[in-house]
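Topology and contacts: notes
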Amino acid sequence: MSEFDTVIHGGTLVTAAETFAGDIAIRDGRIAAIAERIEGGARRLDAGGRLVMPGGIEAHCHIAQESSSGVLSADDYYTGSVSAAFGGNACFVPFAAQHRGQTIAEVIETYDGRAAPNSVLDYSYHLIVSDPTPTVLRDELPRAFERGITSFKVFMTYDLMNVGDAGLLDILTVAKTHGALTMVHAENNDMVKWMNARLAAAGAIEPKYHAVSRPELAEEEAIHRAVCLAKLVDAPLFVVHVSTRGGAAIVARERASGTRLFSETCPQYLALTRADLDRPGREGAKYICSPPLRDEATREALWDHVAAGTFDSVSSDHAPYRFDEGGKFLNGLDAPYPKIANGMPGIAARLPYLFSEGVAEGRITLQQFVALSSSNAARVFGLDTKGSLMPGFDADIAIWNPETRRTMRLEDQHDAMDYTPFEGMELTGVPETVINRGEIVVADGELKAKRGRGRFVARKPSGRSAARGHVAPEFAAARAYGTEIAP
Ligand code: DUC
Ligand code: ZN
Ligand code: ZN
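Bear in mind that the values here come from a model prediction, so they are computed numbers and not experimental data. (Residues numbered from 1 in each chain as written. Chains lettered and ligands numbered in written order. Predicted model: local features only at pLDDT ≥ 70, side-chain atom pairs only at ≥ 80, totals over all residues. Heavy atoms only, no water.)

Around ligand 1 sit H60, H62, K153, F155, Y158, H185, H241, S290, D317 and N342, and those are all the residues in its vicinity. D317 has a polar side-chain atom sitting 2.9 Å from a nitrogen atom of ligand 1. Contact with the protein chains hides 93% of the accessible area of ligand 1, taken as 240 Å² for the molecule alone. Its residues placed into classes, the shell around ligand 1 shows two nonpolar, six polar and two charged. (Near = heavy atom within 4 Å. Polar contact = N/O pair within 3.5 Å; in protein donor to acceptor, adjacent residues only side chain to side chain. Areas by Shrake-Rupley, 256 points an atom, 1.4 Å probe, with all protein chains shown as cover. Nonpolar A, V, L, I, M, F, W, Y, C, P; charged D, E, K, R; others polar.)

Structure follows, in structure tokens:
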């Protein structure tokens, strides 16, 4: 019997730190050895000089999730995980969303029921908290944390989700106590509502007004506020889907000054602009997502921030609603923009887009690609055995042909959607083989894995958020309540 289950040979191995020629041996789902040359193996996979990288980790996607207005995303854990795998991912972390009145235990049980029988990839959840009652804060979040759900997302916008500044402080404090990470959707709720009312009064209801209704300043102000709230209690914070120059500049500045701040942007903000919202007929509805698409100058500035290291990851924010009356147009084909379902698909397009426009176009290095697509998410979100090529780590591997050119098509997404916003883009580089815990999930353009083979990954506290960051003198009760704030 062979010492190894699989040996991948003849590849160019790429991690967030290095590129080198070598072989990888896999045993019992884990990487057992990496060396210049490894003989044997019950199965030998010839990488033929292709790039052998850590499988992608999709850290922001909405799968089998009801929005606050009750629309269910088109992808369930089967189609969502299949699509993720075809896009080069070996693991994903969708949201488990609490809607008001629900207990956290109920939410987790619901998502376990959706994920476990269906996912072809390993998965975990970020918890969305919309109802931070005293019981949720005192008992339920710590219990979720013990279960290995170590990140909590909160909204600063949407009346049905917004937890308010005090709610955010409460959640940040609980998260900090347990070593969890708070993720925030930062947009100023009142600014958006005020703009909506103003636009409605002017009869401005077409999709293009969606971008007007959610101004760049609404994001910039909310990111600044969220960062201040997190600094007050010295809790780490992850700002999701940053879409603005002002927001990215705040993130860059705060990170440079040592604030425990993490962030991401998404391919749609790098690839598309608000002009897409003004496509003819109803087409613009395909591009409604929040925060909205911005202008060309912002798109370019966000790429500069990706290259400069402002973001930990580039995530898809896959929020799939079909282009029909069960999805985007649940409120009717002529619904005004605030009543059109908010989100777009992209879980299979994320990495091919980032590779092509990032690596192939020379904007980022291969190391940055691996960091942005996998390694950083693993470290920030506590997926301790994933996101790198190291002995002992899960054998989560994607083999990429960096030269294949293809035109992005809906049929390549393998999701449950009827459109892709990336349709027709000419891209270079294709993830040909995806392996999760040593098992081939995708190869030769086909799905090789069985429904339900993916496992829940209990996550650890984020190592990266453990260090001390900013300490507001007023928060140090021992000193400040006696008013001994340092001069
Ligand atoms: N926020 C997300 O993260 N995704 C979809 C819509 C939203 O508001
Ligand atoms: Zn959001
Ligand atoms: Zn999202």
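Resuming the write-up.
Okay, the coordination of the zinc ion (ligand 3) next. Every protein donor of the zinc ion (ligand 3) is listed here as H60 (NE2), H62 (NE2) and D317 (OD), and their distances to the metal cover 1.9 to 2.0 Å. Donor residues for the zinc ion (ligand 3) sit on one chain with the sequence pattern H-x1-H-x254-D. The metal-metal distance between the zinc ion (ligand 3) and the zinc ion (ligand 2) comes to 4.2 Å. Taking relative accessible area as the criterion, H60 reaches 0% and is therefore assigned buried. (Donors = N, O, S within 2.8 Å, 3.2 Å for Na, K, Ca; no water. Buried < 20%, exposed > 50% of the residue type's maximum accessible area, 1.4 Å probe, protein only.)

Per the counting criterion, the structure on display carries 15 aromatic pairs. Their ring planes at 40 degrees and their centres at 5.0 Å tell us that F238 and F381 sit as a pair that is tilted. Residue F238 is located in strand β12 (residues 237–239), and its partner F381 is located in the loop between α12 (366–380) and β15 (397–407); the two are separated by 143 residues in the primary sequence. With a centroid separation of 5.3 Å and an interplanar angle of 90 degrees, the aromatic rings of F355 and F369 are classed as edge-to-face. A residue pair is termed long-range when its members are at least 10 positions apart, and F355 in helix α11 (residues 350–360) and F369 in helix α12 qualify at 14 residues. F369 shares its class with F355; the two are buried. Aromatic ring contacts, followed pair by pair, group Y77, F92, Y111, Y123, Y125 and F456 into a single cluster. When the ring centre of F456 is taken as reference, the NZ or CZ atom of R147 above it lies at 4.3 Å. (Phe/Tyr/Trp six-rings, centres within 6.5 Å; stacked < 30°, edge-to-face > 60°. Helix = DSSP H or I, 4+ residues; strand = E, 2+ residues; numbered from the N terminus. Lys NZ or Arg CZ within 6 Å of the ring centre and 35° of its normal.)

Before going further, it helps to examine α11. Given 3.6 residues per helical turn, the α-helix brings residues three or four places apart onto the same face. Counting buried positions over the eleven residues of α11 gives ten, a clear majority of the element. For α11, every residue scored as buried is listed here: R350, L351, P352, Y353, L354, F355, S356, E357, G358 and V359. In the segment just after α11, G362 is the residue with positive phi, at about 80 degrees.

Spanning 13 residues, helix α5 (residues 189–201) covers 18 Å between terminal C-alpha atoms, matching the ideal 18 Å at 1.5 Å per step. Of all the positions in α5, only N189, V192, M195 and L199 are classed as buried. Each buried residue of α5 sits inside an arc of 135 degrees when the element is viewed along its axis, so together they form one side. For α5, the exposed residues set more than 90 degrees away from the buried face come down to D190, W194, R198 and A201. (Expected span 1.5 Å × (residues − 1). Arc of directions from axis to C-beta.)

In this sheet, strand β2 (residues 19–27) lies alongside strand β1 (residues 6–14) in antiparallel orientation, the contact comprising seven bridges. Pairing of V7 across the sheet is with A25, part of β2. Hairpin connection between β1 and β2: a loop of four residues separates the two successive antiparallel strands. Counting the residues between successive antiparallel strands, the hairpin from β2 to strand β3 (residues 30–35) contains two residues, one of them, D28, with a positive phi of roughly 50 degrees. (Pairing = 2+ DSSP bridges.)

Here the focus is the coordination of the zinc ion (ligand 2). On the protein side, the zinc ion (ligand 2) has K153 (NZ), H185 (ND1) and H241 (NE2) as donor atoms, found 2.1 to 2.5 Å from it. If you list the donors of the zinc ion (ligand 2) from N- to C-terminus, the spacing comes out as K-x31-H-x55-H. With relative accessibility at 2%, the residue K153 sits in the buried group.

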